[in-house]
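Here are the chains, one letter per residue:
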Amino acid sequence: MAGRSADDDRSGTVVTPSAEFPPLTPAEVDALRRVGAHWRVGAPPALPVDPTLDRYRNHPAPGRLSRLAPIALFRPAPGAPAGRDGLVAAERADQPDSPLGRRLGRVRRVLLGPPLASAAVLHERMRKLVALPVLSSDLLSSVAYGPEALLTVLVLAGSGALGLALPLSAGLVLLMVAVGISYRQTIPAYPHGAGSYLVAGDNLGVRAGLTAAAGLMLDYVLTVSVSIAAGVHAITSALPGLTPFAVPLGVLVILLLLAGNLRGVRAAGNLFVLPTYAFVAAVLGLLVVGYLRAAGRGFASVAPPVVPATQGLGLLLVLRAFASGAVSMTGIEAVSNAVPAFRTPEWRNARTTLTWMVAMLVVLFAGLTLLIHLAGLVPRPGETLLSQLARVTFPTGPWYAVVQVTTALILLLAANTAFNDFPRLLFFMARAGHAPRRFLHLGDRLAFGNGLVALAATAVVVFVAFGGHTEKLIPLYAVGVFLAFTLSQSGMVVHWRRHRGGGWRRRALVNGVGAVLSGLVLLTAAVAKFTEGAWVVVVAVPLLVLLFARIHRHYRTLHAALALRPPPADPVPPAAARGPAAGPSGAPAGRSVEGEEVPQELRHLVVVPVVRLNRASMRALAYAVSLGRPTLAVHLAPEDAEADRFREQWRAWGDHVRLETIVSPYRAVVGPLAHYLEALHAAAPDLVLTVVVPEVVLRRPWHRLLHSRTGQRLRRALRALPGVVVTTVPVHVLE
């Protein structure tokens, strides 16, 4: 793990449910202490209800809106001493109250499975035998269309140009090995995620990292579209009657992949083990039988059918063919992006898996290309080259069907590599503020649901727009992925020169060779295929980089607007800051909340949900305390570590308001908070709960897409609960 410091390990590359709750910096903690020192509100008034929900005494009775005792939705933290130590939300706390909501929830559980607690994130890791099919499905499946993409360009110069396929394939094998060795070095250097975005950004600057991210995002979208298109083509090659239904069939497969990945890493991984290994076994069997047949005729090549030339054989056409064949390498970076998804030791298991993947790729690609040449096959519309090769090799028996079925399966499932890496890339970008923060959220199955849905939706649009035709999508494919390859390997050269550990020159040379070769393919693909559709990627990359920069600028402005600032030297006098005295009103028990008509009959508790201690939450707390009523702050954390960290920050501020923390191990926010407030109300039905929610008010409408609408969702959830008032404290951000 050369080149990584302790500071790097704390920089946020580890995937954790607490990513949505970034800790305060030392400067922010210091400002928090100074702000807290000026809170002179006297002793806080006694709370009119036990915020622990009497967890160590009698349970409150069920409320009017709930048939279950609210305490059943929460439990004390295991092993925690009595006192102000927080609660843990049960799974039922996230269940909706409406009959329709409950029915939809049951359907969701059937489709996606029960929620997983945050503590299960370590168990949602992959062992090597599972990671290999999950992460290699894209890379290995590309041999089904990579050789054909190369020959499709060469045949434009006539059947006489097909002989160039062998030297071009040898160059591609050299490129595969060079890039594979380069990524082997990258993985231990960046053991918490060696994606091109992180490597390029760390060593070449933010813009280079964003450019690599843009290239990868386009590559992942095209991976889904091309894989599904190729898989559907394999099906229609064997069953021509399904050709009119190619587009709806592809869309259905994308939706099925989305549902499978929403079930979580382990559940999705189980879908890929058998099809991937079956495809490898089928192709290896095809190669063995094919070469035995070729040996029977002395390895003499069968003359290909005569194909008239439609273009002259020139350097540009040869370069186009090489760039088209290079799509066989797409997916080679998948392991380096998904290092955190491996079991410990993550980087070592990831590097071993990558070695297996590259070795299998070289064997399958080189073997198929040479066997196609020996069989004298040429691309033709309506049937893939692999299908033709299987028909020639297995003229009788069920083996042709086996090859086609396994090929179709792995091509359709190859898109899962993108489903695994695209949301993870968005996670890292959102963590740095270059993508909407909603992509930080781990769903109830510990999957990045928002990223998965975004990928599926975009891929469906691209697939439908191009009619599901593989040949129309291939020209867009190589530019983005080799842009990321080039920047990643160039970044590693800078990394080795910067750290200068043992053998750094040799390592820099290896990554340098990978960068040069990838750069040559990038330039070739961009120039040779520009008019065929590569211009879309060339234009889209800078536009995406500009979008990422605008998003980051918004978050930077927002952070500056909400950052805590030291108070003025002249604090507000204590008497003015303290506000009116508070205490129990003596209102008679048993009255309906809506029955009070005069202020003296109201008993108040002000509840302030606090996500992070910044100016928005401070303003909400200040507003709540200024009312002079008993005030309770509530913080929901996805795991115990984040709850402990928040309590430390709260003590650093001065502990001016009673705090209750709730660990929500299924990462839901609105449901547990709404049920907690209902439980408080059930414990004291005559109590009026005023929920003070801080809300950031944005000037530009499109900025609202970058933020969750937790306040509005909470208001809707509490609307039907009597005795609860939700008020918003706005914080206006001028931009």
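Structure's up top.
In this report, we go over the structure that sits alongside the text. (Residues numbered from 1 in each chain as written. Predicted model: local features only at pLDDT ≥ 70, side-chain atom pairs only at ≥ 80, totals over all residues. Heavy atoms only, no water.)

## Notes on the overall build of the protein
Applied cut-off: Runs of H or I in DSSP of at least four residues are treated as helices and runs of E of at least two as strands, each being numbered from the N terminus. The buried label goes to any residue with under 20% of its type's maximum accessible area, the exposed label to any with over 50%, and the partly exposed label to all in between, with areas taken from a 1.4 Å probe on protein chains only. Pairs of residues are marked as contacts when any of their non-hydrogen atoms sit within 4.5 Å. Residue burial considers only the protein chains on display, and all accessible areas are found by Shrake-Rupley using a 1.4 Å probe.
Tallying secondary structure elements over the protein gives 26 helices and seven strands in all. The proportion of buried residues among the 735 residues of the protein is 55%. Sequence-distant contacts in the protein: of pairs separated by 6 or more residues, those separated by 24 or more amount to 82%. As displayed, the protein offers around 30700 Å² of accessible surface, 64% of which is attributable to carbon and sulfur atoms.

## Things to note about the pairing of strand 6 (residues 687–698)
Definition in use: Strand pairing is assigned whenever DSSP detects at least two bridges linking the two strands. We call a crossover right-handed when, viewed with the strands running away from us, the connection from the first strand over the helix to the second turns clockwise.
Direction of pairing for strand 3 (residues 603–609) relative to strand 6: parallel, over a ladder of five bridges. The partner of Val 607 across the bridge, within strand 6, is Val 691. Across 10 bridges, strand 6 lies against strand 7 (residues 724–733) in parallel orientation. Residue pairing across strands places Leu 689 opposite Val 724, the latter belonging to strand 7. As a crossover connection, the stretch from strand 6 through helix 26 (residues 710–718) into strand 7 is right-handed.

## A word on the pattern of salt bridges
Convention followed: For this analysis, a salt bridge means a side-chain nitrogen from Lys or Arg found within 4 Å of a carboxyl oxygen belonging to Asp or Glu.
With the rule as written, the count across this model stands at five salt bridges. The salt bridge involving Arg 380 is made with Glu 383; its shortest N-O contact spans 2.7 Å. Here Glu 660 ties to Arg 658 by a salt bridge, and the two come within 3.7 Å at their closest N and O atoms. For Glu 660, a relative accessible area of 1% corresponds to the buried category. Overlapping salt bridges bring together Arg 380, Glu 383 and Arg 391 as one network.

## Some remarks on a nonpolar patch on the surface
Threshold: Note on patches: the residues involved have over 30% relative accessible area and no salt bridge, like charges join within 9 Å, and the nonpolar side chains Val, Leu, Ile, Met, Phe, Trp and Tyr join within 5 Å.
Judged by side-chain polarity, Phe 530, Trp 535, Val 536, Val 538, Val 539 and Leu 543 come together as a nonpolar surface patch covering roughly 510 Å² of accessible area. In this structure Leu 543 comes out as exposed when scored by relative accessible area, which is 54%.

## Quick word on the environment of Val 479
The topology assignment puts Val 479 in helix 19 (residues 477–499). C-alpha of Val 479 to C-alpha of Lys 529: the two residues are 50 residues apart in sequence and 9.1 Å apart in space. Residues within four places of Val 479 in sequence aside, it is in contact with Leu 522, Ala 525, Ala 526, Ala 534 and Val 537.

## Brief notes about helix 9 (residues 246–262)
The following threshold applies: By definition here, a helix of n residues has an expected span of 1.5 Å times n minus one.
With 17 residues, helix 9 should reach 24 Å at 1.5 Å per residue; the first-to-last C-alpha distance of 25 Å fits that figure. For helix 9, the full list of buried residues reads Ala 246, Gly 250, Val 253, Ile 254, Leu 257, Leu 258, Gly 260, Asn 261 and Leu 262.

## A short note on unusual backbone geometry
One non-glycine residue, Phe 299, adopts positive backbone phi at about 55°. Along the chain, Phe 299 falls in the loop between helix 10 (265–296) and helix 11 (315–325). For Phe 299, a relative accessible area of 46% corresponds to the partly exposed category. Despite not being glycine, Arg 500 has its phi angle at roughly 50°, a positive value. Structurally, Arg 500 can be placed in the loop between helix 19 and helix 20 (504–528).

## As for the side chain of Asp 219
Mapped onto the fold, Asp 219 is located in helix 8 (residues 206–238). Non-local contacts of Asp 219, meaning those with residues more than four positions away in its chain, are made with Thr 330, Glu 333, Tyr 477 and Val 481.

## A look at the packing of aromatic side chains
What counts, and what does not: Classification of ring pairs uses Phe, Tyr and Trp, with its six-membered ring standing for Trp, and accepts pairs whose centres are within 6.5 Å; under 30 degrees between planes counts as stacked, over 60 as edge-to-face, and the remaining range as tilted. Charge over a ring is defined by NZ of Lys or CZ of Arg lying within 6 Å of the ring centre and within 35 degrees of the ring normal.
In the structure shown here, the tally under the stated rule is six aromatic pairs. Plain terms: the ring middles of Tyr 183 and Phe 485 are 5.8 Å apart, the flat faces sit at 70° to each other, and that makes the pair edge-to-face. Note that Tyr 183 is positioned in helix 6 (residues 165–189) and Phe 485 in helix 19, a separation of 302 residues in sequence. Judged on exposure class, the residue Tyr 183 and its partner Phe 485 are both buried. Ring pairs connect the aromatic residues Tyr 183, Phe 482 and Phe 485, which therefore count as one cluster. Over the aromatic face of Trp 496 sits the side chain of Arg 507, whose NZ or CZ is 5.4 Å from the ring centroid.

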